[in-house]
Amino acid sequence: MNLPYPAIIVEHLLYSFYSRREKILYVEVRRLSKAYGFSWALKDINLELHAGECVALLGPNGAGKTTLLKLLCGLLQPTTGEIHIDGAKLRQGPARLEPTIGFLSPNDHLYDKLTAQENLRLFLALYNREKEHGELETALAAAGLADWSREYVASLSSGMRCRLSIAKWLLLEPKLLLVDEPYGVLDGSGVDFLEAYLKNARDRGGVVVMATHHVARVAAFCSRAVILRRGRMIFDEAKRAPWESFHRAVGEFLPRGETWPS
Amino acid sequence: MAFLKQTAWLLWKDLLLELRRRESLLAMFFFGTLLLFIFHFALDVQPDKAADMAPGLLWLALVFCGTLGLMQLFQAERENRCLEALLLSPIDRAAIFLSKVLFNLTLMVLLEIVVFPLFWVLFNLTLWERLPWVFLYGLLGTVGFCVLGTLFSALTLSARGREILLPLLLLPLMIPVILATIRGMEIILRAGDFQESLPWLHLLIGFDVIFLTAGILVFEWVVES
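First, a word on scope: everything that follows refers to the structure included in this document.

What counts and how
- Residues numbered from 1 in each chain as written.
- Chains lettered and ligands numbered in written order.
- Predicted model: local features only at pLDDT ≥ 70, side-chain atom pairs only at ≥ 80, totals over all residues.
- Heavy atoms only, no water.
- Helix = DSSP H or I, 4+ residues; strand = E, 2+ residues; numbered from the N terminus.
- Contact = heavy atoms within 4.5 Å.
- Pairing = 2+ DSSP bridges.
- Buried < 20%, exposed > 50% of the residue type's maximum accessible area, 1.4 Å probe, protein only.
- Buried area = accessible area lost by both parts, 1.4 Å probe.
- Salt bridge = Lys/Arg side-chain N within 4 Å of Asp/Glu carboxyl O.
- Polar contact = N/O pair within 3.5 Å; in protein donor to acceptor, adjacent residues only side chain to side chain.
- Nonpolar A, V, L, I, M, F, W, Y, C, P; charged D, E, K, R; others polar.
- Patch = residues over 30% accessible without salt bridge, like charges linked within 9 Å, V, L, I, M, F, W, Y side chains within 5 Å.
- Areas by Shrake-Rupley, 256 points an atom, 1.4 Å probe, with all protein chains shown as cover.

### Quick look at the environment of Arg121(A)
So, step 1. Inspection of the secondary structure assignment puts Arg121(A) in helix α3 (residues 116–126).
So, step 2. Along the sequence, Arg121(A) and Lys168(A) sit 47 residues apart, while their C-alpha atoms lie 9.2 Å from each other.
So, step 3. Setting aside residues no more than four positions away along its own chain, Arg121(A) makes contact with Leu136(A) and Trp9(B).

### Notes on the pairing of strand β1 (residues 25–36) of chain A
Residue and element names in this part refer to chain A.
So, step 1. Bridge count for β1 against strand β2 (residues 39–50) is 8 bridges, and the pairing is antiparallel. Each residue of the ladder has a partner; that of Lys34, found in β2, is Leu42.
So, step 2. As consecutive antiparallel partners, β1 and β2 are separated by 2 residues, and within that stretch Gly37 has a phi angle of approximately 65°, a positive value.
So, step 3. Bridge count between β1 and strand β4 (residues 80–85): 5 bridges; the pairing is antiparallel.

### Overview of the side chain of Asn119(A)
Residues and elements named next belong to chain A.
So, step 1. Its location among the elements puts Asn119 in helix α3.
So, step 2. For Asn119, a relative accessible area of 0% translates into the label buried.
So, step 3. Ignoring sequence-local partners within four residues, the contact set of Asn119 consists of Leu110, Tyr111, Leu114 and Val153.

### Focus on the interface of chain A and chain B
So, step 1. Listed as interface residues are 34 residues of chain A and, on the opposing side, 27 residues of chain B.
So, step 2. In total, chain A and chain B occlude about 2,700 Å² of area from one another, counting both sides; carbon and sulfur atoms represent 58% of this.
So, step 3. Its largest share of buried area at the contact with chain B, chain A owes to His109(A), Tyr111(A) and Leu126(A), together 25% of the area lost on that side.
So, step 4. There are 4 salt bridges connecting chain A and chain B.
So, step 5. A salt bridge links Glu130(A) to Lys5(B), with the nearest nitrogen and oxygen atoms 2.6 Å apart.
So, step 6. Linking chain A to chain B there are 13 residue pairs in polar contact (both at pLDDT 80 or more).
So, step 7. When residues of the side of chain A that touches chain B are traced back to their parent elements, those giving at least two are β6 (101–104), α3 and α5 (158–172) of chain A.
So, step 8. For the side of chain A that touches chain B, the element with the highest residue contribution is α3(A), accounting for 6 residues.
So, step 9. Looking at the side of chain A that touches chain B, its residues break down into 16 nonpolar, 6 polar and 12 charged.

### Quick look at a nonpolar patch on the surface
All names here are of chain B.
So, step 1. A cluster of nonpolar side chains, namely Leu155, Leu165, Leu169 and Trp221, defines an oily patch on the protein surface of about 380 Å² accessible area.
So, step 2. Here Leu155 shows up in helix α7 (residues 131–155).
So, step 3. What makes Leu155 partly exposed here is its relative accessible area of 41%.

### Describing the side chain of Asp108(A)
So, step 1. Positionally, Asp108(A) belongs in the loop between β6 and α3.
So, step 2. Side-chain polar atoms of Asp108(A) contact the side chain of Arg81(B), separated by 2.4 Å.
So, step 3. For Asp108(A), the residues in contact, after removing those within four places along its chain, are Ser165(A), Asn80(B) and Arg81(B).

These figures come from the coordinates and say nothing about function on their own.
The structure is reproduced here in structure tokens:
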């Protein structure tokens, strides 16, 4: 339904007011567990994510970060537990057909033998978000890929693929964006582009969950940190200053000699 | 409408990728014509026996070539984990299934356009007026093969040793469709009597409809598990 312009302004103001006053619950995870064979990759995860939150998902290798991301977007089925997105149980009913969840995996989810532009056109069509040619070019230019829009993805470097993935989600505008270790492949301007996009998504009331090992970077950027270890959630706190508890919790899986800048 | 649009986009993507990669179709053409030549020179089929033997040999070649195509059917989705990207998108899973069936069918029909006339010439089948009927049986048999093949190709997608597993699982279930196609073709070639071959035609149509419906219904479960 198209609202008249003043109504949109009022709706926006009310949303901004209430989202600041009381957090709007967007994702609810209850007693979530996932087993691969006889070993638990995740055990008893309870989590509430609110509109406008940017959550850093941290933990050593094998902690279950990617598994949690894949469960949140429905690519994996939980062994036990439930996930509710915007009030609807994930993978049941029409909610699963809503284009609300994005999964940014830096080197994946793009067809090698399609050009950058063709990849965008395909996914926009599948998400029923077809855009004008100019909008695609603008998104590609914002990602720094204006000169590579007609190149096959196979010929792009991993950093450029990551930029293309960001451009894809920039155009698709998901409400919940899950990001799996983006920093490793991006150069300085790529990181700026990513963080500007994530900040914009968060400010629009979206939820961002970012799994990474770049602790200092996300500690500065995110509003909350969740730490997993061996499939269990050992830390979940909103950012504050000073944040000594986070410093202690994260210290054990930082490289030797590296400290988190307070 | 959205379902058809999504199916069309996915089919466009598969055809474009095949045009650029040229992996499946070239291998199928080469293998198909090679097998027909081998059968022709090795078996030395007499003209009076051609109607009895030719359909079986033709379908042997088509099934082998089709299986080669099925092995590659989800290759683009395996690379860069693109299947995840499709499953993440808000599309009906049946659209993925239908687009893959149509893509596979396109490859097989292109193959048959080359192989059928070649087979006609090599086996001295002079009754050209019967070619459309034979082609009709070939098309219905191909639809059955593509529907079931796509389903099993998806089923074995993440299985170890899928190259061995796929034909092992697929071929026993393909027996009704292969048998009906071969018997129908044989009757057409031998007697030229379309009425006599009708029971086989009905069986083929029934098989195609049942497995297409079943495929659309179960594909979601197959591809997501």
